[in-house]
Amino acid sequence: QVQLVESGGGLVQAGGSLRLSCAASGRTFSTYAMGWFRQAPGKEREFAAVIRWNGGSTYYADSVKGRFTISRDTAKNTVYLQMNSLKPEEPDVYYCAASSSGYYFVPAGYEYWGQGTQVTVSS
C-alpha cells in the first residue's frame with residue numbers, strides 16, 4: 001500500500017515562509033515524479049511544482065517560480081516544498097502526489113495522493 005503523508009502546514013504571516021514535507025512509503029519511487037498541488041475552496045486543484053525522483057529535475061508553475069523550491073531526500077523517501085514570500089491570496093490546501101505517467105502538470109497524471117495539509121497566510 002502506497003502512502004504519502006504531508007506535514008508542515010500551519011499559519012504564517014504574509015511574506016513569511018513554511019517548509020512542507022511529504023513522506024513516501026510502500027514502494028520504490030525511483031521511476032516516479034513527485035509533485036505538489038494546491039487548492040483553494042471551490043477551485044480546481046492546481047499544479048505548483050514537481051521533481052523527478054531519479055535525477056532531480058524540477059519544474060514550477062509560473063505563480064510560484066522564484067518563491068518555492070522543491071527538493072527530495074532519497075535516503076528518507078521524503079519530498080519537500082520550501083515556500084517563501086507567501087501571499088494571503090494563495091490556495092490554502094497543499095497536496096503531495098506521485099506520478100509514473102509523465103504527465104506532471106495535471107492532477108490526472110498522478111496515481112497516488114496524500115491527504116493534504118493546510119497552509120493559512122494571514123495579511
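The notes below deal with the structure included here. Note that the structure is predicted; figures quoted are calculated from it, not measured.

This part covers the side chain of Ser-99. Structurally, the position occupied by Ser-99 is in strand 9 (residues 93-99). At a separation of 3.2 Å, a polar atom in the side chain of Ser-99 contacts the side chain of Ser-101. Those residues in contact with Ser-99 that lie beyond four places of it in its chain are Thr-31, Tyr-32, Ala-33, Tyr-104, Gly-109, Tyr-110 and Glu-111.

Here we take up the sheet that holds strand 1 (residues 3-7). Within a beta sheet, neighbouring strands are joined by backbone hydrogen bonds and run either parallel or antiparallel to one another. Pairing is antiparallel across the open sheet formed by four strands, whose spatial order is 1-3-8-7. Taken across any chain shown, the strands that pair with only one partner, and hence form the sheet edges, are strand 1 and strand 7 (68-73). Direction aside, the axes of adjacent strands within the sheet are offset by 15° on average. Two elements, strand 1 and strand 3 (residues 18-25), share five bridges in a ladder whose sense is antiparallel. The residue bridging Gln-3 from the neighbouring strand is Ser-25, located in strand 3.

Here is what the cut-offs are and how they apply
Each chain carries its own residue numbering, running from 1 in the written order of its sequence. Thresholds applied to this predicted model are a pLDDT of at least 70 for local features of residues and 80 or more for the giving and counting of side-chain atom pairs; totals over whole chains, interfaces and linings are not thresholded and use all residues. To obtain the side-chain values, all non-hydrogen atoms of the structure were included, while hydrogens and water were left out. In this description a helix means any DSSP run of H or I spanning at least four residues, a strand means any run of E spanning at least two, and both kinds are numbered starting from the N terminus. Any pair of nitrogen or oxygen atoms within 3.5 Å is treated as a polar contact; in protein, a donor-acceptor pairing is required on top of that, and neighbouring residues in sequence qualify only through side-chain atoms on both sides. In this analysis, two residues are considered to be in contact whenever any of their non-hydrogen atoms come within 4.5 Å of each other. The pairing criterion is simple: DSSP has to find at least two bridges between the two strands. Every angle, taken between N-to-C directions, lies between 0 and 180 degrees, and every axis is a line fitted to C-alpha atoms, over only the stretch in contact when it is a helix.

Shape descriptors only; they carry no functional weight alone.
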